[in-house]
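The lines below spell out each chain.
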Amino acid sequence: MKKMLFLAVAAMLAFLPAIAGAETGAVKLPPCTEYTLKNGLKVFIMESREVPLVTIQLLVGAGSAMDDPGAEGIANLTGRLLTKGAAGLSADQIAGAIEEIGGVVSVNTGRDYATVDGDFLAKDLARGLDIMGKVVLSPDFPKDDVDREIGLVVAEIQGAKEQPSATASREFVRALLGDHPYAHPVDGSEPSVGAMTREKVLDFYQKRYVPAGAILAVVGDVDAAKAFDIVKAKFDGWKGEAAKAAAIPALAAKKSVGRSLVVINKTDATQSQIRIGNVSVARNTPDYFPLLVTNSVLGGGFTSRLMDEIRVNRGLSYGARSGFNHLKAGGFFGVYTYTKNKSLRETIDVALEQVKKIRDEKISDTELAKTKRYITGLFPFDIERNGDLAGWITDLTYHGIPLDFVEGYCANVDRVTPDDAQRVAREQMWVDNDLILLVTNYDEVKAQLGGLGEARVIELDQVK
Amino acid sequence: MHVLKSRAARGVVALGLFVLVSVPLAHASAPSAAETKAAPAKLDATVETLKNGLKVILMEDHSVPVVSRWTFYRVGSENERPGITGISHFIEHMMFNGAAKYGPKEFDRILESNGGYSNAFTSEDMTAYYEDFASDVLELCIDLDSDRMKSLALDPKFVVSEMGVVKEERRLSVDNSVEGAMYEELGALAYKAHPYGWPVIGWMSDLEKITREDAVNYWKTYYAPNNAILIIVGDFETKKALALVHKYYDSVPSQAPPERVRTVEPEQPGERRAEVHKPAEMPQILVGYHIPEVTSNDIYALDILQYVLSEGESSRLYKKLVRDLGIAVYAGANASWNIAPALFIFDVKARPDKTAAECETAVYGILADIAANGITPAELAKAQNQVSANFYRSMQTVNGKARKIGTYEIYFGDFNEILKVRDRYRAVTADDVKRVANTYFAPKNRSVVTLVPEA
């Protein structure tokens, strides 16, 4: 049953920023050595010798924001196909080579970038890098595999519609961001993926899977100098320049546009999924920490205001959270919850009231201190695993942020003041100027929606 | 079947780890120095049982300045009866809603304001609670947990509001989930006698009727130190931690040991089938075969078989159903670890233009092939390497280590089995795998749930 539970919340989790923190100054990264290959690939080797494992993560600027117009989902499809045939090896041979040594390799495409993630026993570092080098540098994109994978992705997009939470989160971002390259789901739509071909995949690969701008992190029970020699041998031959016009257009803030209400009509729903939010700022915002702390007061942890009012005091939901998603060229803010159809309006009103309150009233010193301690106390858990460390290294480097961000994290959280919090709440958390998206049984709940504006109703089977 | 319910959506992250715990250990192809370091002959932990029966296991790990503290109770949905199904999981929720010293809302408020995170989960066999926190708040966490073990309030107002929360959890994970509804149907179909047949989250009609008195009685029966295990792993000094454990837990009174489940599921006399009609995009099947309890020696061969069938894209199910035949989007298998005999479950989602029947036939074809011809030496070696690597992955965090210790205590009565189990995986042969395939994958031993998508 664990998978079901995973599906139910995956969409919500996707929006939550990393929660983190320890006593100020207590966080220390293991030693890390940085190299740059002649082709521009940045390489970081971090020695972390707790368990005999090694994580290898390669970040490439090939996220869905780079999808060619009309080919939404091409980045994701290309990523999935890397392991389906490379350097003359078939998909079966690649899977066999990885798995016979207990290894795992997956390609994960997001909006800004894609990562190729490997995890191996440390003694298998050279074999792991050899396989990863082949799939990244020399994918073959066999036609049969391309066709099969297209069919699978289309079927998965259809299947996701069975999950109200996933549907709500996908359609919330799509409705919120309009025609921006961040708007469409990473895996695209049924028609866009259905129209893809091997040629389009190959073209995308050649434009976007290039060493310039790519970042490779190796973290684990390895010797840095020896590991670098292997990396160099496998990745030195990677060629290619980043294609022109690779920058993602800035996401314009939507101010003073009023409220819009979108309803996805799922006629058998007995529970309503609720998303409320607006566009927000990029990852490089100077307000990163004030936003992190203010959001945590509103919707992080079990004692956040949303959790307290919606779940604890009223028993309206099993979960209520909020979160900022900061991307390279902009971001978005959302409140995420769900409740039985009968209490839909009550839950929306309670959520909006809490957003309004955090704008109108300054957070007390006590509540702010509690929240800061929560964030900093948990931060060490965010750097425990090799995969966590590799993720910090590649993501920070992609955004141009030095790695000492991690060690300074807790001190920066501690610096946030009540004035900072109120200022960013007023700038980034909206009440009358927002999108409300629901996945619900429209006939059953429409009488509750008065005063929220005219609903744009989309039948579930029209969602592609 | 590992039907786990946790306290909140974020707990699901932890459930992912639990999957690793449930299929643990095995064998690295060539033991290296590094492997010896991570897996010594004996786990370096201190064990003490208090006078009230609470078993305490402490293991130092100073790699990061954090601690993970767990309490496992030997209670789960198997201990329920019709009329109060879901009460184990409901008590799990109520354990965060106030006790004698720390009233309603205090547990989370105090813990989070001290930089800690807590969650919990309930399965058929156990209920477990944990906090992850910075090293300097260990005493506070011990105080908070011992308070609710000693004197849970079950405040009437919170009984009502928390039941609302649990019903929303049920609506989310079962009533509005195709997958959840399928698993619930499979349980009800496969078990005619044993309590594993009802859902851990409970039937909705029982959630409507459970009273505060039911909860008080249930809590008194099962939430006693002699029915619990306390585990602390992380950055602390054992001597000091043990003194704190005595200070706070010694005064918790023990109770009469609860009765264990008596019912044994009778042998299934023939194939069972059920349908779930629901609006859905694609056909889907669940097939469950009865297999023995976790302490059976056959479990290790069944786990190896699970890896051969469904771990990764070189597995038999993926290669046949997803790649070669192109009839499925997803094809998985899971051998349950449970105290009583449970199920080996196949879970297949068909492509929208294919049928459940095609998928079912393909699964049976693979099982017949293994029953007739066994698995290859390469498949056996691969599975053993995968199990070994997954073991290390589950031991990367203090939380993962404590969780593994607790689950092994529940299943085997001794966490040192963690290392003995390694040898049992190494001892599995291709013949063993062939034998268990013949023993358990007989048509009359299976229950099949088919999703019939409605428009």
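Residues numbered from 1 in each chain as written. Chains lettered and ligands numbered in written order. Predicted model: local features only at pLDDT ≥ 70, side-chain atom pairs only at ≥ 80, totals over all residues.

**Quick look at the overall build of chain A**
Then, number 1: Regarding its fold elements, chain A presents 17 helices and 12 strands.
Then, number 2: In terms of overall dimensions, chain A is globule-like: its C-alpha atoms have a radius of gyration of 23 Å, near the 23 Å expected for 464 residues.
Then, number 3: In terms of its C-alpha atoms, chain A occupies a principal-axis envelope of roughly 65 × 50 × 45 Å.
Then, number 4: By residue count, 57% of the 464 residues in chain A fall in the buried class. (Helix = DSSP H or I, 4+ residues; strand = E, 2+ residues; numbered from the N terminus. Rg over C-alpha atoms; globule rule 2.2 N^0.38 Å. Buried ≥ 20, exposed ≤ 12 C-beta atoms within 10 Å, placed from the backbone.)

**Concerning the overall build of chain B**
Then, number 1: Check the secondary structure of chain B and you find 17 helices and 12 strands.
Then, number 2: Over its C-alpha atoms chain B spans a radius of gyration of 22 Å, differing by no more than 12% from the 23 Å that the globule rule assigns to 455 residues.
Then, number 3: In terms of overall dimensions, chain B has a C-alpha envelope of 60 × 55 × 40 Å along the principal axes.
Then, number 4: Put simply, chain B has 455 residues, and 58% of those count as buried.
Then, number 5: Long-range contacts, defined as pairs at least 24 residues apart, comprise 82% of the intrachain contacts of chain B with a sequence gap of at least 6. (Contact = placed C-beta atoms within 7 Å.)

**What to know about the sheet that holds strand β4 (residues 104-109) of chain A**
All names here are of chain A.
Then, number 1: Read from one edge to the other, the open sheet built from six strands follows the order β1-β2-β6-β3-β5-β4, with strand pairing classed as mixed. The outermost strands of the open sheet, each flanked by one partner alone, are β1 (32-36) and β4. The sheet shows a mean angle of 15° between the axes of neighbouring strands, taken without regard to direction.
Then, number 2: Across eight bridges, the pairing between strand β3 (residues 53-60) and strand β5 (residues 114-121) is antiparallel. Looking at β5, one finds that Thr 55 is bridged to Asp 119.
Then, number 3: Its contacts with the sheet place helix α9 (residues 224-235) against β1, β2 (42-47) and β6 (215-220), and it is angled at close to 150° to β2. (Pairing = 2+ DSSP bridges. Axes fitted to C-alpha atoms, helices over the stretch in contact; angles between N-to-C directions.)

**Here we look at the sheet that holds strand β9 (residues 320-327) of chain A**
Then, number 1: As summarised here, the arrangement of the six strands in space is β9-β10-β8-β11-β7-β12 (chain A), forming an open sheet in which the pairing is mixed. Of all the strands in the sheet, just β9 and β12 (455-459) of chain A have a single pairing partner and so form its edges. The average angle at which neighbouring strand axes cross in this sheet is 20°, direction not considered.
Then, number 2: Pairing geometry for strand β8 (residues 271-280) of chain A and strand β11 (residues 435-440) of chain A, over five bridges, is antiparallel. Bridge pairing in β11(A) places A:Ile274 opposite A:Leu438.
Then, number 3: Helix α12 (residues 344-360) of chain A rests against β8, β10 (330-340) and β11 of chain A of the sheet, and its axis sits at about 140° to β10(A).
Then, number 4: Across the sheet, helix α6 (residues 156-175) of chain B touches β8 and β10 of chain A, and the angle it forms with β10(A) is around 110°.

**So, the pairing of β1(A)**
All names here are of chain A.
Then, number 1: When β1 meets β2, the two strands line up antiparallel, connected through five bridges. Across the sheet, residue Thr 36 finds its bridge partner in β2, namely Lys 42.
Then, number 2: A loop of five residues connects β1 with β2, the two strands running antiparallel in sequence, and Gly 40 in this loop sits at a positive phi of about 100°.

**A few points about unusual backbone geometry**
Residue and element names in this part refer to chain A.
Then, number 1: Positive phi is not limited to glycine here, since Ala 87 has a value of about 50°.
Then, number 2: The topology assignment puts Ala 87 in the loop between α2 (74-81) and α3 (91-99).
Then, number 3: Given 15 C-beta atoms within 10 Å, Ala 87 falls into the partly exposed group.
Then, number 4: At Phe 141, a residue that is not glycine, the phi angle is positive and equals roughly 45°.
Then, number 5: Mapped onto the secondary structure, Phe 141 falls in the loop between α4 (125-137) and α5 (143-160).

**Concerning the nonpolar core**
Soluble globular proteins tend to pack their nonpolar side chains together in the buried interior.
Then, number 1: In this structure, A:Leu216, A:Val218, B:Ile304, B:Ala328, B:Val348 and B:Cys359 are the most contacted members of the largest nonpolar core, which totals 283 residues.
Then, number 2: The element contributing the most residues to this core is helix α11 (residues 298-310) of chain B, with nine residues. (Core = buried A, V, L, I, M, F, W, Y, C linked by C-beta atoms within 7 Å.)

**Section: helix α16 (residues 418-428) of chain A**
Residue and element names in this part refer to chain A.
Then, number 1: Ala 421, Val 424, Ala 425 and Gln 428 are the residues of α16 that are buried. Seen end-on, α16 carries its buried residues on one side only, within an arc spanning 105°. Across α16 from its buried face, at more than 90 degrees, point the exposed residues Asp 419 and Arg 426.
Then, number 2: Residues of α16 that are buried sit in contact with β8, α10 (288-299), β10, α12 and α13 (365-378). (Arc of directions from axis to C-beta.)

**Digging into the confidence of the model for chain B**
All names here are of chain B.
Then, number 1: Of the residues in chain B, 91% have a pLDDT of 70 or more, and the chain-wide mean is 91.
Then, number 2: When the criterion is pLDDT under 50, residues 9-39 qualifies, and its contacts beyond four places in sequence or with other chains add up to 82 contacts.
Then, number 3: Quick note on the complex model: pTM equals 0.92, ipTM equals 0.90. (pLDDT = per-residue confidence, 0-100.)

**Comments concerning the packing of helix α11 (residues 305-312) of chain A against α12(A)**
Packed helices, taken two at a time, are described by their axes: the angle between them and the distance between them.
Residues and elements named next belong to chain A.
Then, number 1: Running from N to C, α11 and α12 cross one another at 155°; their axes reach a closest spacing of 10 Å. The angle between the axes of α11 and α12 places the two elements in the roughly antiparallel class. At the point where α11 passes α12, the crossing takes the right-handed sense. Judged by residue contacts, Arg 305, Leu 306, Glu 309 and Ile 310 of α11 engage Thr 347, Val 350, Ala 351 and Gln 354 from α12.
Then, number 2: When its residues are assigned to classes, the contact of α11 with α12 shows four nonpolar, two polar and two charged. (Parallel < 35°, antiparallel > 145°, perpendicular 65-115°, else oblique. Left-handed = near helix turned anticlockwise from the far one by under 90°. Nonpolar A, V, L, I, M, F, W, Y, C, P; charged D, E, K, R; others polar.)

**What to know about the pairing of strand β10 (residues 328-335) of chain B**
Residue and element names in this part refer to chain B.
Then, number 1: The element β10 is largely enclosed, with a buried count of seven among its eight residues.
Then, number 2: By the bridge criterion, seven bridges tie β10 to strand β11 (residues 342-350) in an arrangement that is antiparallel. Counted as the bridge partner of Tyr 330 is Lys 349 from β11.
Then, number 3: Once β10 ends, the chain turns through six residues before running back antiparallel as β11.

**Re the environment of B:Arg212**
Residues and elements named next belong to chain B.
Then, number 1: Looking at the element boundaries, Arg 212 is found in helix α9 (residues 212-222).
Then, number 2: Arg 212 gets classed as partly exposed once you count the C-beta atoms within 10 Å, which come to 14.
Then, number 3: For the pair formed by Arg 212 and Val 159, sequence separation is 53 residues and the distance between their alpha carbons is 6.7 Å.
Then, number 4: Setting aside chain neighbours within four positions, we find Arg 212 in contact with Leu 154, Pro 156 and Val 159.

**Observations concerning the environment of B:Lys192**
Then, number 1: Of note, B:Lys192 is situated in the loop between α7 (178-190) and α8 (204-209).
Then, number 2: Sequence separation between B:Lys192 and B:Glu265 is 73 residues, and the spatial gap between their C-alpha atoms is 7.0 Å.

**Section: helix α12 (residues 316-324) of chain B**
Along an α-helix, residues three or four positions apart point the same way, because every turn accommodates 3.6 residues.
Residues and elements named next belong to chain B.
Then, number 1: Here α12 has its buried residues at Arg 316, Leu 317, Tyr 318, Leu 321 and Val 322.
Then, number 2: Those residues of α12 that are buried are in contact with α11, β10, β11 and α13 (356-373).
Then, number 3: At the C-terminal side of α12, Gly 326 shows a positive phi close to 60°.

**Observations concerning the packing of α10(A) against α13(A)**
Residues and elements named next belong to chain A.
Then, number 1: Packing of α10 against α13 leaves a shortest axis separation of 9 Å and a crossing angle of 105°. It follows that α10 is roughly perpendicular to α13 by the angle criterion. Together, Leu 292, Val 293, Ser 296 and Val 297 of α10 and Glu 367, Thr 371, Lys 372, Tyr 374 and Ile 375 of α13 make up the contact between the two elements.
Then, number 2: For the contact of α10 with α13, a count of residues per class yields five nonpolar, two polar and two charged.

**Topic: the confidence of the model for chain A**
Then, number 1: The predicted model of chain A averages 92 in pLDDT, with 93% of residues at 70 or higher.
Then, number 2: Segment residues 1-25 of chain A: pLDDT under 50, and 89 contacts once partners within four positions in sequence are set aside and those in other chains are kept.

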